[in-house]
Amino acid sequence: MSESTVRIGLVLPDVMGTYGDGGNALILRQRARMRGLDAEIVPITLDDAVPDSLDVYTLGGAEDAAQRLATRHLTDHPGLQRAAQAGRPVLAICAAIQVLGHWYETSAGERVSGISMFDLTTAPRESRAIGELVTTPVIDGLTEPLCGFENHRGATTLGAAAKPLGRVRHGVGNGAADRVEGVVQGSVIGTYMHGPLLARNPELADYLLAQATGTNLEPLDLPQVDRLRRERLAAAR
Ligand code: GLN
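These numbers come from a predicted model, not from an experiment.

**Things to note about the pairing of strand β3 (residues 56–59)**
Here β3 shows no split at all, with V56 and T58 on one side and Y57 and L59 on the other all buried. Pairing of β3 with strand β4 (residues 90–93), which is carried by three bridges, proceeds in the parallel orientation. Bridge pairing links L59 to A92 in β4.

**So, the site of the ligand**
Within the structure, the ligand sits among 14 residues, and D64, C94, N151, R153 and G154 are positioned closest to it. Between the ligand and the protein, one listed contact pairs a nitrogen atom with a side-chain N or O atom of D64 at 2.7 Å. Contact distances for the ligand include 3.1 Å between a nitrogen atom and a side-chain N or O atom of Q67. Relative to its unbound accessible surface of 300 Å², the ligand loses 97% to contact with the protein. For the shell around the ligand, the secondary structure elements donating two or more residues are α2 (64–76), α4 (95–99) and β8 (146–158). In terms of residue class, the shell around the ligand is built from four nonpolar, seven polar and three charged.

**Examining unusual backbone geometry**
Between G195 and the following residue, P196, the backbone shows a cis peptide bond with an omega angle of 0 degrees. With respect to the helices and strands, the residue P196 is situated in the loop between β12 (188–191) and α5 (197–200). Positioned with a positive phi, R179 is a non-glycine residue whose angle comes to about 55 degrees. Along the chain, R179 turns up in the loop between β9 (166–170) and β10 (180–181).

What counts, and where the lines are drawn
Residues numbered from 1 in each chain as written. Predicted model: local features only at pLDDT ≥ 70, side-chain atom pairs only at ≥ 80, totals over all residues. Heavy atoms only, no water. Buried < 20%, exposed > 50% of the residue type's maximum accessible area, 1.4 Å probe, protein only. Helix = DSSP H or I, 4+ residues; strand = E, 2+ residues; numbered from the N terminus. Pairing = 2+ DSSP bridges. Near = heavy atom within 4 Å. Polar contact = N/O pair within 3.5 Å; in protein donor to acceptor, adjacent residues only side chain to side chain. Areas by Shrake-Rupley, 256 points an atom, 1.4 Å probe, with all protein chains shown as cover. Nonpolar A, V, L, I, M, F, W, Y, C, P; charged D, E, K, R; others polar.

Put into structure tokens, the structure is as follows:
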């Protein structure tokens, strides 16, 4: 591993790997390598302290019980919090949005304190939100619709410091009346989209990689990715 290697933190795949969101780290590594950059995935498990020195971090979804273990670990080893404060990009999927908030309530009605990287809280919905989710991004630098697969019981309410990632065109998203989806706060992005998300949204993958490397990346011409996007967007209609 050279000094210029892009180091991608895959945070707690042992407890937050249920929904295949580890694929986001694979996509980041592959898209970096296709630009001729060295890139490595650094898995961070429950046996490891969380390093604050990586270039970009990804966290995936999980069931309520696994989510609790992750919350405790990230509280005891606050490397992710330090990395975000230093402006490192972090991508948090589904349960990870909830863990990174102030608190979340499980389906059983138990309230668990989060790590307060996001100004938000999450309470259970009456029914589970499952299906294709499509949004229009509302942050600078993203122009293409975002799409993914949502599968959650949580309804997330954003506080003043947290901005939405997108406006819902199809699906549920955060579940509030304002029909927004996901969250952006500083360099940290959260979304309910599985897929994995970055396989389906290359613009967002490159947005994160550009932040991680501090460089502008030339576009990649990958017709198979365009086909996948067209297919999934059509499935949502
Ligand atoms: N356990 C959480 C919920 O149901 C998150 C699920 C997930 O990550 N897909 O809301």
